[in-house]
Amino acid sequence: MKYVDALLALGISLPEKYEHIEVSNVRFDSRRTDENSVFVCIAGDDTDGHDYAMSAYGRGCRAFLSEHGLSVPEDAAVAVCGDTRSALADISRAVYGYPDRELTLVGITGTKGKTTTSVYIADILNDAGIPSGCIGSLGVLLPPGAGSIKMPRTTPTTPEASDLCEIFAAMRRSGIKVAVMEVSSQALYKERVRGLTFDTAVFTNLSPDHIGGAEHPTFEHYRDCKARLFSDFGARRIVYNADDEYADYMIGRAPAGTELVSVSALDESADFYAHNRENYAKGGMLGTVFDIREKNGASHKITVRAPGDFSVMNAAAAYAVCKGLGADDDKIGDALAKSAVEGRFEVVDVLPYATFVIDYAHNELSLRSVLSVLRGYNPTRLTVLVGSVGGRTFSRRAPIGRAVSELADFCILTADEPDFEDPMKIIVDILVGFEGRNTPYVAIPDRAKAVRFAVKNAIPGEIVLLAGKGHEKTQLINGVHVPFSEREILLEAAKEAETV
C-alpha cells in the first residue's frame, strides 16, 4: 500500500512528492528493513532506533516514522509523531490490513501458566476442528498442514506489535480462525497489543516477578499492567482463577456486560469446579487425573500429562475457554489427555530407572511449586539442577537457594544464561539462600557438564528436575547465543552412560 495511505491511521499527512512510496512491511529493527519497509524509530532500554535510520536507508528503506526529524536524504519520507511505540501498533495494523479483525483472539495473562494454558487451548480447538494457532514463549505454533511462521530468535513472549500483525496476516492466509496468545505484562506496558479486541481474556495467577531494572518499577505497576487486559481490550468473556488472591482485582474493572467465568479448585459454586485430583505415574510419565464439574451439574473426568494443582488449574481454564468457543466435552477431554507442552514439566525418557523432568521454573515460587509436586511422587531422591541468569535477576538468587535447599535432597548448582557474568558468582549468590542448611550440593558452572553429571549419577527411583531453561534452544555466553538443548544433552548423556 502507499505509505501516505498507511499514515492515515495515525492522522498524519505527507507532501504529494512522497505518494509514490509503497510499503508492505513494518520494522523496528533496521537490520530487517528493505525497500518495502516502514522503519519505526523506537527509543528502547538500551538503544535508540533513531540512531539507526541511515542503516535502514542503506537497505533501501524510504519510509520512516520518528519522534523527531532524521538526518536522512531528501528522497526519504519522514513522518513525525509523539509516541512511536504506540504508533508502531497503529501503522502495523493498517499496513497488514487489520488481520486481527478476521481472527478470534484469546489472550492469556498471569505470572505462571500462560504457556501451558495457551497450548492446551490451541490443541483442544484444533482437535475440535477449529483451526487455531498459538503465540507465546514457544514461538508461533500452527496445526499440521498450516505451514510455519518463523520469527527472529529474540522475539519476546508477546511479539512487538509489527511482528504480531505480520503473524496475524500469515495466520489469516493459512486459514487459522483462532489466535491464542500469551499476553505478557511488558506487552501491555509497551503497547504491543494496542488496538486489538480479544474475544476471551484469561487470568491464571499473580505473584511478584519481572520487577526492577528495565521491567516494572513496582509490583503494583506489574499488577496494573496485567489488569489492563481485562478492562481495555473489549473482551466479551473473562475466564479467571477464582482461587488467586488477586482475582477480584483483575476482574474488578471489567466493563459492564462482560461474561465472567470462574474456575476454582476450592469453591464448589464456581462455574467450573476442579476437584478429586490424584497423581498418576505410568511408564515414566507423571500426570494428574481430576474431575471438573460445570455450573449446570455436568461432570467430566480429565487426565493431563503434567502433575500438580497448577496443572489442574491450567487445564480447567483451558476447558472453560474452549467450552465457550464451541468445543464439546469429549474433544476437550481427549485433547487434554494427549497434549504435552515443550519445556513445561516435560518428562524425558532418559533412563529406565530414574525420571528426568525439564521445566521452565526459574524463581523461588515456581521452584517451590514444582518441587513440592514432585515430592508427592515419593522419589528415592529428589534432585534439582538449577542456576540463574547472568547480569540481572540478582534478587532471585538467594530465594532460589532457599527453595531448593529446603525442598530437594540434592542440588546441582550451575548457571542458566551467564552472559558476561562469572557462573561461579551466580552459584555463590544462590548458596546465600542455603542459610546453614546441610543440603548436599555440587557446583558445576558449565550447564552441559552439569546435565551430564545428573545422568551419570542418577540412582534407581530418583526424580531429577532440570529447572530454568525449559524449551529454550540456546544459552547466552559472553554475549553470544550458543546452541543449547537440555533435552538433546540429556539423551546424549544417556547414550554415553549405556556405553560405559
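What counts and what doesn't
Residues numbered from 1 in each chain as written. Predicted model: local features only at pLDDT ≥ 70, side-chain atom pairs only at ≥ 80, totals over all residues. Heavy atoms only, no water. Buried < 20%, exposed > 50% of the residue type's maximum accessible area, 1.4 Å probe, protein only. Helix = DSSP H or I, 4+ residues; strand = E, 2+ residues; numbered from the N terminus. Pairing = 2+ DSSP bridges. Right-handed = clockwise from strand over helix to strand, strands pointing away. Axes fitted to C-alpha atoms, helices over the stretch in contact; angles between N-to-C directions. Parallel < 35°, antiparallel > 145°, perpendicular 65-115°, else oblique. Contact = heavy atoms within 4.5 Å. Nonpolar A, V, L, I, M, F, W, Y, C, P; charged D, E, K, R; others polar.

Draft legend 1. Broad picture of the pairing of strand β18 (residues 410-413). Alternating positions in β18 separate into two faces, F410 and I412 on one and C411 and L413 on the other, with burial throughout. Here strand β17 (residues 382-386) pairs with β18 via four bridges, running parallel. Considered in β18, the bridge of V384 is made with C411. Handedness of the crossover joining β17 and β18 through helix α12 (residues 394-407): right-handed. Here β18 pairs with strand β19 (residues 441-443) via three bridges, running parallel. Counted as the bridge partner of L413 is A443 from β19. Tracing the backbone out of β18, into helix α13 (residues 423-431) and back to the parallel element β19 gives a crossover that is right-handed.

Draft legend 2. Quick look at the packing of helix α11 (residues 364-375) against α12. Direction vectors running N to C along α11 and α12 enclose 10 degrees, while the axes themselves pass 9 Å from each other. With respect to α12, the axis of α11 lies roughly parallel. Where α11 abuts α12, its residues E364, L367, R368, L371, S372 and R375 lie against P399, I400, R402, A403, V404, E406 and L407. Considering only residue class, the contact of α11 with α12 consists of seven nonpolar, one polar and five charged.

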